[in-house]
Amino acid sequence: MEDAKMSGLDALEKTAEISEFKWYIFDIIYEGMEQDGIVKSKFSLDKEDSDAVCFIIRDGSLFVCGRDGEDTRQHRNIYHAVCDFFNRIYENEENKEEAVTRFLIRTLDLPTLMKKPSRSLLRDQISKCQEEIGALEEKIKEEPGKKGEAMLTLNRIYLKGLKEKMEKHHGETV
């Protein structure tokens, strides 16, 4: 049984290098934070935020940093990274332990979770698309042209599709 646990943990650690996988990890973390009533402004997933505790997966490594980038730690083990992250978020030891346990249990559901698009990935794609639309709208105001307008139309269609996918799979309207 010990060998089965080790090979499972090894596999989980190695999958941190898979870019799509990180979004499902973020989904699990976000779900737990939402469940515990942790305010979104207190943490950041995949983006550095000077006002929040950050959990970032980049280049096959896991990074956890405190507010203002203080005490940034690089982890190669997802379990250690998650524990470090939750230690920085939760003040109560019992809540930390519950969060880590819940995270580990939810990772057992990854094969099922990965059958539908990641909520975190869709949120990120929607946010980036909205930024691109805003930039294109500004550009078109300054220098109108058919190419810019065509690109704006395509981005709006793409954004609509992303929002529909989010609502269909996660029941969330953005």
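The shown structure was predicted, so the numbers you read here are calculated from the model rather than taken from an experiment.

Take helix α3 (residues 78-89) next. With 12 residues, α3 extends 16 Å from end C-alpha to end C-alpha; this agrees with the ideal 16 Å at 1.5 Å per step. Across the 12 residues of α3, nine count as buried, placing the element largely inside the fold. Those residues of α3 not exposed but buried are I78, A81, V82, C83, D84, F85, F86, R88 and I89. Capping of α3 at its N-terminal end is provided by N77; its side-chain oxygen lies 2.7 Å from the backbone amide nitrogen of Y79.

The mixed open sheet is built from four strands, whose spatial order is β1-β2-β3-β4. The open sheet terminates on both sides in strands that have one partner only, identified here as β1 (43-45) and β4 (73-75). Strand-to-strand twist across the sheet, computed as the mean angle between neighbouring axes with direction ignored, equals 15°. Pairing between strand β2 (residues 53-58) and strand β3 (residues 61-65): five bridges, direction antiparallel. When the bridges of β3 are listed, I56 appears paired with F63.

Quick look at the packing of helix α6 (residues 119-142) against helix α7 (residues 146-170) now. Close contact between α6 and α7 brings their axes to 9 Å; oriented N to C, the two are set at 160°. With respect to α7, the axis of α6 lies roughly antiparallel. Read as a crossing pair, α6 and α7 show a hand that is left-handed. A breakdown of the residues in the contact of α6 with α7 according to their chemical character gives 12 nonpolar, five polar and eight charged.

The rules behind the values
- Residues numbered from 1 in each chain as written.
- Predicted model: local features only at pLDDT ≥ 70, side-chain atom pairs only at ≥ 80, totals over all residues.
- Heavy atoms only, no water.
- Helix = DSSP H or I, 4+ residues; strand = E, 2+ residues; numbered from the N terminus.
- Expected span 1.5 Å × (residues − 1).
- Buried < 20%, exposed > 50% of the residue type's maximum accessible area, 1.4 Å probe, protein only.
- Polar contact = N/O pair within 3.5 Å; in protein donor to acceptor, adjacent residues only side chain to side chain.
- Pairing = 2+ DSSP bridges.
- Axes fitted to C-alpha atoms, helices over the stretch in contact; angles between N-to-C directions.
- Parallel < 35°, antiparallel > 145°, perpendicular 65-115°, else oblique.
- Left-handed = near helix turned anticlockwise from the far one by under 90°.
- Nonpolar A, V, L, I, M, F, W, Y, C, P; charged D, E, K, R; others polar.

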